[in-house]
Amino acid sequence: MPILTAALLWGTTGTAASLVPAGTPAAGVGAAGLVLGGLLLFLSDRSARELPRMCGPHERRLLALGAVAVAGYPLTFYPAVNRTGVAVATVIALGSAPVFTGLLGLLARQGRPGGRWAVATAAAVLGCAVLVLGPELSGGGAAVDALGVLLAALSGLSYAVYSLIGGRLIAAGRPSGGVMGAMFGGAALLVLPVLLLGPVGWLLSVRGAGVVLHLAVVTTYLAYRMFGYGLRHASAQTATTLTLAEPAVAAVLGVAALGERLPAVSWCGLAVLAGGLACLALPARRRG
C-alpha cells in the first residue's frame with residue numbers, strides 16, 4: 001500500500017539524522033531536507049507549476065494554507081524534540097495527528113470516521129505510545145516539558161491540516177503529484193530563511209550532505225509522491241493512522257542498524273500497533 005510504503009521511508013529519518021556531524025542544529029537538518037525535497041517535488045512535476053493557475057481562488061487559498069502547514073511541521077517538531085526528547089515528541093506528534101485529522105475532517109464535512117477507524121486508531125496510538133515510551137517507562141522516565149508537548153501537538157496539527165487539504169484537492173480531481181509539489185514547493189520557500197539564518201557549514205561535509213540528500217530524495221520526494229498517490233485511494237483520516245507505522249520502522253532500524261535495545265514492553269507495544277494497522281489496512285469482510 002502506498003501510504004505504508006511512505007511510512008516505511010519516513011521511518012528511516014531518525015537513523016539518517018543521527019549521522020549528521022556533531023553540533024548540527026536539528027531545525028537546520030529538517031529545513032534543509034524540506035527545502036531540497038520540496039523543490040524536487042515542485043520542479044519534477046509540471047502539474048505542480050501549473051496547478052496554482054488552474055485553481056480557483058478557494059483552491060489557491062487551500063494550497064497556500066497547505067504550504068504553511070507543511071512548513072510548520074519541521075519548525076515545531078524539531079524544537080519539540082530538543083525540549084522534551086525524541087520519544088515524547090514522536091508519540092504526541094504522530095499520535096495526535098489522526099485525532100486532529102478525524103476532528104477537522106468532521107468539521108470540514110470530509111466524511112465521518114467509522115467505528116473500524118476509531119478502534120484501529122485507538123489501538124495504533126496506544127501501541128505507538130507503549131513502543132516509543134517503553135524505554136522511559138522501564139527506567140522511570142523524566143520530567144516532560146510543557147512547551148515541548150505543545151510544540152509536538154502543533155506539529156501533529158500541521159500534519160493533519162496538510163493531509164486533509166491534500167486529500168480534499170486530490171478527491172476533487174487535482175493530480176496528486178501537482179498537489180504535493182505545489183504545497184511542498186511553497187513550504188520550501190517558507191523555511192529557506194530558517195536554513196540560511198543558521199549555521200550551514202555542516203552542509204559542506206560528506207556526512208551532512210549525504211543525510212540531506214537522503215532526507216530530500218527518500219523521506220520527502222519519494223515518500224510524499226507515494227503519500228499523495230495513496231490519498232487517491234484512502235481518506236486522510238485513514239492515511240494519518242496508517243503512518244503510525246513510522247515509529248515502528250524507526251524502532252526496528254534502531255535495533256538493527258544502531259545497536260539499540262528495546263525492553264519487552266516496547267515489543268508488546270509494537271505488536272499492538274501492528275494489530276491496529278492491520279485492522280485498518282486489510283479489506284473489511286463483506287457480509288454475505
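Computed from a prediction, not measured in an experiment: that's the story for all the values here. (Residues numbered from 1 in each chain as written. Predicted model: local features only at pLDDT ≥ 70, side-chain atom pairs only at ≥ 80, totals over all residues. Heavy atoms only, no water.)

**Quick word on the side chain of Thr-101**
Mapped onto the secondary structure, Thr-101 falls in helix α6 (residues 86-107). Apart from the residues lying within four places of it in its own chain, the contact partners of Thr-101 are Ala-160, Leu-164, Ala-236, Gln-237 and Thr-240. (Helix = DSSP H or I, 4+ residues; strand = E, 2+ residues; numbered from the N terminus. Contact = heavy atoms within 4.5 Å.)

**Points about the confidence of the model for the protein**
Taken over all residues, the pLDDT of the protein has a mean of 81, while the share at 70 or more is 82%. Ranking the elements of the protein by mean pLDDT puts helix α12 (residues 245-258) last with 67 and helix α9 (residues 176-197) first with 94. (pLDDT = per-residue confidence, 0-100.)

**Quick look at the packing of helix α3 (residues 26-43) against helix α10 (residues 206-230)**
Closest axis-to-axis distance for the α3/α10 pair is 8 Å, and the angle between their directions is 50°. With respect to α10, the element α3 is oriented oblique. Classified by chirality, the crossing of α10 by α3 is right-handed. Within the contact between the two elements, α3 uses Val-29, Ala-32, Gly-33, Leu-36, Gly-37, Gly-38, Leu-40 and Leu-41 and α10 uses Val-211, Val-212, Leu-213, Leu-215, Ala-216, Val-217, Thr-220, Tyr-221, Tyr-224 and Arg-225. In terms of residue class, the contact of α3 with α10 is made up of 13 nonpolar, 4 polar and 1 charged. (Axes fitted to C-alpha atoms, helices over the stretch in contact; angles between N-to-C directions. Parallel < 35°, antiparallel > 145°, perpendicular 65-115°, else oblique. Left-handed = near helix turned anticlockwise from the far one by under 90°. Nonpolar A, V, L, I, M, F, W, Y, C, P; charged D, E, K, R; others polar.)

**Some points on the environment of Ile-170**
Locating Ile-170 in the fold gives a position in helix α8 (residues 146-171). Ile-170 gets classed as buried once you look at its relative accessible area, which sits at 3%. The spacing of Ile-170 and Gly-228 is 58 residues in sequence and 8.0 Å in space, taken between C-alpha atoms. Dropping the residues within four chain positions of it, Ile-170 is found in contact with Ser-176, Val-179, Gly-228, Leu-231 and Arg-232. (Buried < 20%, exposed > 50% of the residue type's maximum accessible area, 1.4 Å probe, protein only.)

**Looking at α9**
Look at α9: 32 Å from first C-alpha to last across 22 residues, which is about the 32 Å you get at 1.5 Å a residue. Maximum bend of α9: about 35°, positioned at Val-191, with proline Pro-193 one to four residues after it. (Expected span 1.5 Å × (residues − 1). Bend = angle between axes of the 7 residues up to and from the residue.)

**A closer look at the nonpolar core**
In this structure, Trp-10, Tyr-162, Met-183, Phe-184, Tyr-224 and Phe-227 are the most contacted members of the largest nonpolar core, which totals 61 residues. Sequence-distant contacts of Met-183, defined by excluding residues within four places in its chain, comprise Leu-63, Gly-66, Ala-67, Val-70, Tyr-162, Ile-165 and Gly-166. (Core = buried A, V, L, I, M, F, W, Y, C linked by side-chain atoms within 4.5 Å.)

**What about the side chain of Ser-158?**
Along the chain, Ser-158 turns up in helix α8. Residue class for Ser-158 comes out buried when judged on its relative accessible area of 12%. When sequence neighbours within four positions are dropped, the list of residues in contact with Ser-158 reads Ala-69, Gly-72 and Tyr-73.

**Here we look at the packing of helix α5 (residues 57-84) against α8**
Where α5 meets α8, the axes come as close as 7 Å, and the angle between the chain directions of the two elements is 155°. As far as their axial angle goes, α8 and α5 are roughly antiparallel. Between α5 and α8 lies a crossing whose hand is left-handed. A breakdown of the residues in the contact of α5 with α8 according to their chemical character gives 18 nonpolar, 8 polar and 3 charged.

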